[in-house]
Structures are given as C-alpha cells and as structure tokens.
Amino acid sequence: MTTQRVTPGGLLLLAAAVLAVVVLVLRLGHHSHAGIVADPVRTPGVVNPSVTQANILSTICRRGWTATIRPPVDYTNALKRRQMRAYGETGPLSAYQEDHLISLELGGDPTDPRNLWPEPYPRASAVDQIENELNAKVCDGSLSLRDAQDQEGAMKHRDG
C-alpha cells in the first residue's frame, strides 16, 4: 500500500473545496427568489366583486381602467416587505414585484393581501405579458373571465 503525504497547499485546496460545497448547499437550501411560487394558503387569489362577465366592457376591457384602481406604491411596498418575510425571501425589494395573483386586468381585487404576493423578476415581467394576453382573450370573447382567472391562478401557484 502506498501512502501519500498531504502538503499544506493540498490541505488548503481541500478546505477551499469543502467550503465551496457547504456554501452551495446552504444557498440551495435557502429560498431562492428564482424559484418562488405563490402559496395557495397565503395567496389564494381574490376577485374584485365590481368586475363581472357582464360588465367587462366598462371595466377590464376599457383602456386605462386598471390605473383607476391600482393601489399606491407605499401600500404595495409595505405589504411586499411583510410578505417577503412570510415567504422567507431576503433579497432586495427591487428584485420583486408585489403582484396580484388574479391581475387587475382580469378582475383581481386591488388591495386584498390574499390577492398579492412578492413575485421575483424577471418572472414578473414575463407574467405581465401573459396577463395581457389573457385580458385580450377575455375582451375579444374567446375566453370567459372566470376561465382566465382560473388559468392565471393555477399558473402562478404552479410556476410563479
């Protein structure tokens, strides 16, 4: 049997490799904002009772309507801080959008905390486009409001 001597440089290299593995395991074990999805218990989604299939032409299909009900940034930022803690997220606020599970474009409640959650970028930007596509389908009559809301909620609970 042959024995090899471990040199101080080799020992230092081994210690650095072990440290790198430990750091990687700890980072993967911690919540990463890349993988967060909306929690169905904390964020089940809530619809705006003022929006119905019967009035979509005067609400969600009217250009600029969402701006009339969007909550102020100071409200959503304070809620985002609290919800990030609840979700175990520790990144900067700017890395997240306080998103509506059922979007305003699809008749979601603007201020109910059960309809808002901290969605990380860049996923938040991609989802905004999907929300606009669903809104277009509802407004052109190819998809019902309820079906669009169900699709959106399922997607955010499954994929973020």
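Rules and cut-offs
- Residues numbered from 1 in each chain as written.
- Predicted model: local features only at pLDDT ≥ 70, side-chain atom pairs only at ≥ 80, totals over all residues.
- Heavy atoms only, no water.
- Salt bridge = Lys/Arg side-chain N within 4 Å of Asp/Glu carboxyl O.
- Helix = DSSP H or I, 4+ residues; strand = E, 2+ residues; numbered from the N terminus.
- Buried < 20%, exposed > 50% of the residue type's maximum accessible area, 1.4 Å probe, protein only.
- Disulfide = S-S within 2.5 Å.
- 1 Å grid on protein atoms, 1.4 Å probe; cavity = no way out; pocket = protein on both sides within 12 Å on 5 of 7 lines; lining within 4 Å.
- Points joined across faces, edges and corners; volume = space filled by probe spheres on them.
- Nonpolar A, V, L, I, M, F, W, Y, C, P; charged D, E, K, R; others polar.
- Core = buried A, V, L, I, M, F, W, Y, C linked by side-chain atoms within 4.5 Å.
- Contact = heavy atoms within 4.5 Å.

Participant: Kindly report on the pattern of salt bridges, identifying the contributing residues and their values.
Facilitator: Inspection of the entire model under this criterion finds seven salt bridges. Salt-bridge contacts for lysine 156 lead to aspartate 99; the nearest nitrogen and oxygen are separated by 2.8 Å. With lysine 156 in helix H5 (residues 145-158) and aspartate 99 in strand E1 (residues 96-100), this residue pair connects regions lying 57 residues apart in the sequence. Assessed through its relative accessible area of 0%, lysine 156 is described here as buried. Classification of aspartate 99 as buried rests on a relative accessible area of 4%.

Participant: An account of the state of the cysteines is needed here, citing residue identities and associated values.
Facilitator: Counted according to the given criterion, the structure contains one disulfide. Sulfur-sulfur distance for the disulfide between cysteine 61 and cysteine 139 comes to 2.0 Å. Handedness here is read from the sign of the S-S torsion; for cysteine 61 and cysteine 139, about -100°, the answer is left-handed. Residue cysteine 61 is found in the loop between helix H1 (8-29) and helix H2 (65-69), and its partner cysteine 139 is found in helix H4 (residues 123-139); the two are separated by 78 residues along the sequence. Relative accessible area serves as the criterion here: at 27%, cysteine 139 is assigned to the partly exposed category.

Participant: Let's hear about the layout of surface pockets: which residues, and what values?
Facilitator: The volume enclosed by the largest pocket comes to roughly 280 Å³. As for the largest pocket, its lining consists of 16 residues, and the residues nearest its centre are Arg70, Thr76, Gln97, Glu98 and His100. The leading source of residues in the lining of the largest pocket is E1, at five residues. Along the lines of polarity and charge, the residues of the lining of the largest pocket split into four nonpolar, five polar and seven charged.

Participant: Break down the nonpolar core for me, with residues and values.
Facilitator: Ile60, Leu106, Trp117, Val138, Leu145 and Ala148 are the most contacted members of the largest nonpolar core, which has 16 residues in total. For this core, the secondary structure elements donating two or more residues are H4 and H5. Beyond its immediate stretch of four places on either side in the chain, alanine 148 contacts Leu106, Leu134, Val138 and Leu143.

Just distances and angles here, no functional claims.
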